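So you can see what is in the structure, the chains are spelled out below.
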Protein chains: 2
Amino acid sequence: MPVPAIAVCCSGQGTNLQAIIEAVRSRRLRARISVVVSDNPRAVAILRARAARIPTVVIDPRRFSSKEAFDRSLSRIVEASGAKLIVLAGFMRILSGWFVRRYARRILNIHPALLPSFPGCHGARDALRHGVKVTGVTVHLVDSKVDHGPVLLQEPVPVMEGDTEETLLARIHRVEHRLYPRAIQRVLSGRVKVAGRRAFIR
Amino acid sequence: MPVPAIAVCCSGQGTNLQAIIEAVRSRRLRARISVVVSDNPRAVAILRARAARIPTVVIDPRRFSSKEAFDRSLSRIVEASGAKLIVLAGFMRILSGWFVRRYARRILNIHPALLPSFPGCHGARDALRHGVKVTGVTVHLVDSKVDHGPVLLQEPVPVMEGDTEETLLARIHRVEHRLYPRAIQRVLSGRVKVAGRRAFIR
C-alpha cells in the first residue's frame, strides 16, 4: 500500500517541518511529504525541504487580489501533489472559509499553548506574562477561526521560575517536535471522530 | 513556635476543606484551622468542620445590605480567629474590592481548570465541552476579578475520551485535594513573590 501524501505549509524557520521530515525518515511517520508550500520566499523551511529533496512552491501573497484567490492557488498545488492532509507548521496566514470548508477535517495546525488559553502569534510569551505555571502544545483541526478548531492532542509543558520567552519556547518546541509527527501519524492511520467541539482519533 | 492559623471559607460539600483537615492532622500541613466560615447554613462543609472540632460561623448574606457589609463581617470573624491566611474552598461569593485589598496576597483560591482557560462556576464542564485534552487545577491569589489573580501553582489533568463531567471532576478533585494543602503549606512557610502577574513561592 502506498504511503499517504501530506502537504506542509510553512512561513518561517520550519523546525516542525524538520521534525516531520525526520519522523518520515525514521519511519515513525508512515507518510510522504509531497510538497512544502511557503508564502515567504525567504523561509528557512524552503531550504530544509530542498535539502530533503522535497518539492517546494512559494506563493507570493502580493500576486493575489484576495485571500481566496491565494487559497485557490494553494488548493491547486495541494491537489497536484496528491496530498490527502494539509499540515500547517508555522504558516502565518489565516485560511479563507472557502479553503477550510473544502478541506474540512483535513487541515492540522500546531499551537505553542494549551488552547483556548493564549491563541495568536505569541502563545509562549503571553503565557509567561500571564504567569501560568503550566502551558503546553495543542494540535487541532483548523476551522475558520484562528487557533479555534477541535483539539486533537494536547500536552502540558511546565513554566519554570527563571524562564524567558526563549527558554520556555525551547521547551515547548521539543514537545511540538515529538507531538506533531505523532498526531499526523494518528490522523493518517485512524479515523478522526468529531462531535461538536470534541474530537478524538480512533 | 505556634503554628499559623488559617480561615477556610466554604459554601458547599467542603471536600477541599476535608483534604486540608486531613493534611493538618497528618502534619503535612503545619497550620491550625482557626475558623470555617460559610455563607450557606446547609453547607456539608459545616458538618465536616464540626466533626473536626473546628469553630464554625455561618454568615447569612441576606442579613447584609451590601457585599461590603457582608465582607466587613467576614473580616471581623477572620481577625477574631487570628487567621493569617484566608483559604477559599468552594466559596461561592465574589469578594469586594475592599476585602481583597485588605487581605492582598493573603487570600487563596483553587479552581478546577488551568486558568485563564475556563473560569467561572463550571470549569470542568466547560473544559469537557470545549474538547480540550488537558485541563487541570489552579491555585491562585485572589484579586478583585473572578478567577483572575496571580497563579501560585498549577497541575495538569488529562481529559479521557469517555469522560463525563462527573468522571473528569473526580479526577480533578483528587489533584485539588493533594495540591491545595501543599500550596497552603508553601505560602505559610515561604514568601510569595509577585511581579506583575507572575507569582512564585520561594
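What you see is a predicted model, and the numbers here were worked out from it, not measured in a lab. (Residues numbered from 1 in each chain as written. Chains lettered and ligands numbered in written order. Predicted model: local features only at pLDDT ≥ 70, side-chain atom pairs only at ≥ 80, totals over all residues. Heavy atoms only, no water.)

(A) Representation of the overall build of chain A. Of regular secondary structure, chain A possesses 6 helices and 9 strands. Relative to a compact globule of 202 residues, whose C-alpha radius of gyration would be 17 Å, chain A shows 16 Å and is just as compact. Taken along its principal axes, the extent of the C-alpha atoms in chain A is 50 × 40 × 35 Å. Out of the 202 residues in chain A, the part that is buried amounts to 54%. (Helix = DSSP H or I, 4+ residues; strand = E, 2+ residues; numbered from the N terminus. Rg over C-alpha atoms; globule rule 2.2 N^0.38 Å. Buried < 20%, exposed > 50% of the residue type's maximum accessible area, 1.4 Å probe, protein only.)

(B) Spotlight on the pattern of salt bridges. For the coordinates displayed, the defined rule picks out 16 salt bridges over all chains. When the shortest N-O distance is used, the salt bridge between glutamate 161 of chain A and lysine 193 of chain B registers 3.7 Å. On the criterion of chain membership, the pair formed by glutamate 161 of chain A in the loop between β7 (151–158) and α6 (165–189) and lysine 193 of chain B in strand β8 (residues 192–195) is interchain, its members lying in two chains. Residue glutamate 79 of chain B pairs with arginine 102 of chain B through a salt bridge whose shortest N-O separation is 3.6 Å. Of the two residues, glutamate 79 of chain B is situated in helix α3 (residues 67–81) and arginine 102 of chain B in helix α4 (residues 97–102); the sequence distance between them amounts to 23 residues. Classification of arginine 102 of chain B by relative accessible area gives partly exposed; the value is 43%. (Salt bridge = Lys/Arg side-chain N within 4 Å of Asp/Glu carboxyl O.)

(C) Molecular detail of the domain arrangement of chain A. All names here are of chain A. The assigned domain composition of chain A is domain 1 (1–103) and domain 2 (110–202). Here domain 1 and domain 2 have C-alpha centroids that lie 19 Å from each other. Taken together, the contact pairs 18 residues of domain 1 with 14 residues of domain 2. Put simply, domain 1 and domain 2 have 0 salt bridges between them. Broken down by secondary-structure element, the contributors of at least two residues to the side of domain 1 that touches domain 2 are α1 (15–25) and β4 (85–88). With 5 residues, the single largest contributor to the side of domain 1 that touches domain 2 is α1. Across the side of domain 1 that touches domain 2, the residue classes tally to 14 nonpolar, 2 polar and 2 charged. (Domains from an automatic or database assignment. Contact = heavy atoms within 4.5 Å. Nonpolar A, V, L, I, M, F, W, Y, C, P; charged D, E, K, R; others polar.)

(D) Quick look at the packing of helix α5 (residues 123–130) of chain A against α6 of chain A. All names here are of chain A. It is at 9 Å that the axes of α5 and α6 come closest, and there the two elements cross at 120°. Taken together, the axes of α5 and α6 lie oblique to each other. At the point where α5 passes α6, the crossing takes the right-handed sense. For the pair formed by α5 and α6, the contact residues are Ala124, Arg125 and Leu128 on the first element and Glu165, Leu168, Leu169 and Ile172 on the second. Among the residues forming the contact of α5 with α6, the class breakdown is 5 nonpolar, no polar and 2 charged. (Axes fitted to C-alpha atoms, helices over the stretch in contact; angles between N-to-C directions. Parallel < 35°, antiparallel > 145°, perpendicular 65-115°, else oblique. Left-handed = near helix turned anticlockwise from the far one by under 90°.)

(E) Region of interest: α1 of chain A. Residues and elements named next belong to chain A. Taken as a whole, α1 has its buried residues at Asn16, Leu17, Gln18, Ala19, Ile20, Ile21 and Ala23. Its buried side turned inward, α1 meets β1 (5–10), β2 (32–38), α2 (44–51), β4, β5 (107–111) and α6. Immediately beyond the C-terminal end of α1, within one or two residues, lies arginine 27, with a positive phi of roughly 65°.

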